[in-house]
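Analysis of the macromolecular model
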Amino acid sequence: NPSAAAAGPDEVLETAQVGERIAVANGNAVDWGVLGSAIHACLAASFTHGTAAAGGWLSDEAVAQALEGFQVRAHVDAAAVRQQIQAFHAWVQQRWPGCQARAEVPVKAPMPGGQILHGRIDLLLDTPQGFILIDHKSSPHGSEQWGELAGRYQGQLAAYAQAIETATGRPVREQWLWMVVGGGAVRTC
């Protein structure tokens, strides 16, 4: 399980403001795992349609339906989630213009020590220079704690990067965590 991989150093190479912080009502009562799954579903859908470059086809109503399906609509505003997704699409296109985006990429690969990695990459961008690996996190933590989150998930990102490079023979140039709720992204080593 890649998300259970050993943590790495709290090393942040770069940060970026991506959208705005999303207000979460009753933050103490929300199941953050379920909220994260709902937001992931909306993000994946935004990259699977023919107009994914803008993420614009995902309406407030579609986001609201997804949030309702996960029973978290009372905690976040659908319009705010849609706006955050659009901001993310704009950031991706501005930073890596013309990249090919692949959402929810399944990964299975042998690991050192004989274990088999089974996972799903949230977003993999294919650029002429190599791949950009992006993992979405719904953590409500502020920017002062993003280094800690980067360290916590560095093992997961490294395992994914190794699997991608082994399978394709192409490098993973950058690894990012996107804090959807927090409105920022962190590039790790």
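This section reports on the structure supplied with the text. Keep in mind it's a predicted model, so treat the numbers as computed, not measured.

Here we take up the packing of aromatic side chains. Scanning the model with the defined rule gives six aromatic pairs in all. A ring pair is formed by Phe 88 and Trp 178, whose centres lie 4.0 Å apart and whose planes are at 15°; its orientation type is stacked. Note that Phe 88 is positioned in helix α3 (residues 78–95) and Trp 178 in strand β5 (residues 172–179), a separation of 90 residues in sequence. Just as Phe 88 is buried, Trp 178 falls in that class too. Arranged with centres 6.2 Å apart and planes meeting at 80°, the rings of Trp 96 and Trp 176 form a pair that is edge-to-face. Residue Trp 96 is located in the loop between α3 and β2 (100–110), and its partner Trp 176 is located in strand β5; the two are separated by 80 residues in the primary sequence. Three or more aromatic residues joined by ring pairs make a cluster, and in this case those are Phe 47, Phe 88, Trp 91, Trp 96, Trp 176 and Trp 178. Taking NZ or CZ as reference, Lys 137 lies 3.7 Å from the ring centre of Tyr 153, over its face.

Buried within helix α2 (residues 60–69) we find Val 63, Ala 64, Ala 66 and Leu 67. Axial view of α2: buried residues confined to an arc of 160°, hence all on one face. Structural note: α2 exposes Glu 61, Gln 65 and Gly 69 on the side pointing more than 90 degrees away from its buried face. Looking at the buried residues of α2, the elements they touch are α1 (32–46) and α3. Of the residues one or two after α2, Gln 71 is the one with positive phi, at around 60°.

Let's shift gears to the nonpolar core. Ranked by internal contacts, the top residues of the largest apolar core, which has 34 residues, are Phe 88, Trp 91, Trp 96 and Ile 134. Elements that contribute at least two residues to this core include exactly α1, α2, α3, β3 (116–127), β4 (130–137) and β5. Considering every element that reaches this core, the biggest residue donor is α3, with six residues. Once residues within four sequence positions are removed from consideration, Ile 134 is found in contact with Phe 88, Trp 91, Trp 96, Asp 122, Leu 123, Leu 125, Trp 176 and Trp 178. Residues Leu 157, Tyr 160, Ile 164 and Leu 177 belong to the second largest nonpolar core, which totals 22 residues.

Below, the discussion takes up the pairing of β5. The buried count for β5 comes to seven of eight residues, which makes it a mostly enclosed element. For β4 and β5, the ladder comprises seven bridges, and the chain directions are parallel. Each bridged residue has a counterpart across the sheet, and for Lys 137 the counterpart in β5 is Met 179. At this point the chain moves from β4, through helix α4 (residues 146–168), to the parallel β5, and the crossover so formed is right-handed. Two elements, β5 and strand β6 (residues 184–188), share five bridges in a ladder whose sense is antiparallel. Within β6, the residue paired with Leu 177 across the bridge is Val 186. The antiparallel hairpin formed by β5 and β6 contains four residues in its connecting segment, where Gly 183 sits at a positive phi of about 80°.

Criteria and cut-off values
Residues numbered from 1 in each chain as written. Predicted model: local features only at pLDDT ≥ 70, side-chain atom pairs only at ≥ 80, totals over all residues. Heavy atoms only, no water. Phe/Tyr/Trp six-rings, centres within 6.5 Å; stacked < 30°, edge-to-face > 60°. Helix = DSSP H or I, 4+ residues; strand = E, 2+ residues; numbered from the N terminus. Buried < 20%, exposed > 50% of the residue type's maximum accessible area, 1.4 Å probe, protein only. Lys NZ or Arg CZ within 6 Å of the ring centre and 35° of its normal. Arc of directions from axis to C-beta. Contact = heavy atoms within 4.5 Å. Core = buried A, V, L, I, M, F, W, Y, C linked by side-chain atoms within 4.5 Å. Pairing = 2+ DSSP bridges. Right-handed = clockwise from strand over helix to strand, strands pointing away.

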